[in-house]
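# Reading the structure
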Amino acid sequence: MEPRPTTDSPTGSAAARTTIQLISYGPSDFQEREIDDITQLPSYLKQPDLVHWLNVDRVDDVAMIQRIGALFGLHPLALEDVHHVYQRSKVEEYDGYLFLVVRMAATEEDSLVTEQLSMFLRQNCVITFQEGRPGDCLGAVRDRIRRANPQTRRSGADFLMYLLLDASIDSYYSPLEQLGERLDVLEEIAEAPRARGMIGELHAIRRNLLTLRRAIWPLRDAITGLLRSDHAILQAETRFHLRDCQDHTVQLIDLSETFRELCSDLRELQYANINQRTNDVMRVLTIISTIFMPLSFIASVYGMNFNTDASPWSMPELGWPYGYITVLGLMATISVVMMITFWRWGWIGRQSDLK
């Protein structure tokens, strides 16, 4: 990602591209607004009985990230990880808040890519930073809050963190299912007698599965760290729901490993089919060459044209009335005998053990 210019304005020169959304909700209250000026945030966050979700879409404006970090007292090293969007999924504990990095699945030109989602969990607030790719997988969480889901509205910010984490994990199911369906199709194609042209697509699928694996394995470790954390900001009910996230990550890992093995098996099958076709072609060419070897020998012998008048041993067959027909019959007989012999040995026409 190329760096973009920044200024000292509240939202920097990327104001036209950077979106800051604030959702505040409680059991009987809901507010949703776009933030144009970061200095307005303190006035909106004064209600301690509400849960606040501040989402920043695009992280290439360093000045804006630092302003938000100073407003909430976030550690500079954590803010640096927010800006550098190639982090592994992880959980870090700070005094008064938790910092999480997870990766969401996205599709770009038929390739599986991941987008970093950085989350700060405070007592009654969740701050999220997204890379800024078109669309995200968090729409279901927004709809759940807007529809006044009782469990969501009554729960705290840690439950909101769980919902965001769960949505990020669920984003992998759709592309993984598509890869699985494509592998099923390729498996049927691979069983066809003349299947070909699959190697490139199998490499692409394997690359996507490797991308998913690199994202899911650290995420499982991060969730395990959350479950083992004794941070006071995590409630017991939220820890119970986090077990479901852990189960989903394990399921995704199992599916991805199964698909990777299937992909490897299909590649080996394709290579075996290519080798088999090559062997079949070489066998046919060898048989043809073998049949024509004695015929070529006979033709070369009678191509010497020794003068029969010079000696009675100088190819007397040249003077036979039926010499030409006899030689052709000999060639045909040799060819038929060799074809029958090759067929009985199973070299042509049927499959059997070679003798």
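Refer to the structure printed above.
Parameters and conventions
- Residues numbered from 1 in each chain as written.
- Predicted model: local features only at pLDDT ≥ 70, side-chain atom pairs only at ≥ 80, totals over all residues.
- Heavy atoms only, no water.
- Core = buried A, V, L, I, M, F, W, Y, C linked by side-chain atoms within 4.5 Å.
- Buried < 20%, exposed > 50% of the residue type's maximum accessible area, 1.4 Å probe, protein only.
- Helix = DSSP H or I, 4+ residues; strand = E, 2+ residues; numbered from the N terminus.
- Contact = heavy atoms within 4.5 Å.
- Patch = residues over 30% accessible without salt bridge, like charges linked within 9 Å, V, L, I, M, F, W, Y side chains within 5 Å.
- Areas by Shrake-Rupley, 256 points an atom, 1.4 Å probe, with all protein chains shown as cover.
- Salt bridge = Lys/Arg side-chain N within 4 Å of Asp/Glu carboxyl O.
- Lys, Arg positive; Asp, Glu negative; His and termini not counted.
- Charge placed at Lys NZ, Arg CZ, Asp CG, Glu CD.
- Phe/Tyr/Trp six-rings, centres within 6.5 Å; stacked < 30°, edge-to-face > 60°.
- Lys NZ or Arg CZ within 6 Å of the ring centre and 35° of its normal.
- Polar contact = N/O pair within 3.5 Å; in protein donor to acceptor, adjacent residues only side chain to side chain.
- Arc of directions from axis to C-beta.

## Section: the nonpolar core
- Formed by 54 residues in total, the largest nonpolar core has its most connected members in W53, L160 and L165.
- Among the elements that make up this core, the one with the highest residue count is helix α6 (residues 157–170) (10 residues).
- Discounting chain neighbours no more than four positions away, the residues touching W53 are Q21, L22, I23, V126, T128, L138, V141, R142, I145, L160 and L164.
- Counting 25 residues, the second largest nonpolar core, distinct from the first, contains A78, V82, C125 and F129.

## Some remarks on a negative patch on the surface
- A surface patch of negative charge is lined by E177, E181, D184, E188 and E191.
- When its relative accessible area of 61% is taken as the criterion, E188 is described as exposed.

## Quick look at the packing of aromatic side chains
- Using the criterion set out here, one finds 5 aromatic pairs in the structure.
- Seen in terms of ring centroids, Y97 and F120 are 6.1 Å apart; in terms of plane orientation they differ by 55 degrees. Their pairing is tilted. Of the two residues, Y97 is situated in strand β5 (residues 97–108) and F120 in strand β6 (residues 111–121); the sequence distance between them amounts to 23 residues. Comparing Y97 with F120, the two get one shared label, buried.
- When the centroid spacing of 4.6 Å and the interplanar angle of 25 degrees are considered together, the rings of F99 and F120 count as stacked. Here the residue F99 occupies a position in strand β5, and F120 occupies one in strand β6, the gap between them amounting to 21 residues. As far as burial versus exposure is concerned, F99 and F120 are alike and both buried.
- Through successive ring pairs, a cluster of aromatic residues spans Y94, Y97, F99, F120 and F129.
- Taking NZ or CZ as reference, R33 lies 4.2 Å from the ring centre of Y44, over its face.

## Topic: the environment of R146
- Locating R146 in the fold gives a position in helix α4 (residues 139–146).
- Ignoring sequence-local partners within four residues, the contact set of R146 consists of Q21, F30, E32 and R153.
- At 2.6 Å, the side chain of R146 forms a polar contact with the side chain of E32.

## Digging into helix α3 (residues 76–83)
- For α3, the set of buried residues is A78, L79, D81 and V82. Buried residues in α3, looked at end-on, bunch into an arc of 155 degrees, giving them a common side. Exposed and facing more than 90 degrees away from the buried side of α3 are P76 and L77.
- Tucked into the core, α3 has its buried residues touching α2 (62–72), β4 (90–94), β5, β6 and β7 (125–130).

## Observations regarding the side chain of H231
- Tracing the sequence through the fold places H231 in the loop between α8 (199–228) and α9 (236–301).
- Residue class for H231 comes out buried when judged on its relative accessible area of 14%.
- Beyond its immediate sequence surroundings of up to four residues, H231 is in contact with E93, Y94, G96, Y97, L98 and R239.

## Quick word on unusual backbone geometry
- Its identity is not glycine, yet R58 carries a phi of approximately 100 degrees, on the positive side.
- If you trace the backbone, R58 turns up in the loop between β3 (51–57) and α2.
- Located in the positive-phi region is A148, a residue other than glycine, with phi close to 60 degrees.
- The exposure class of A148 is partly exposed, given its relative accessible area of 36%.

## Notes on a nonpolar patch on the surface
- Nonpolar side chains collect at one region of the surface, where V281, M282, V284, L285, I288 and F292 lie side by side and expose about 560 Å² of accessible area between them.
- Mapped onto the fold, V284 is located in helix α9.
- Note on V284: relative accessible area 44%, which makes it partly exposed.

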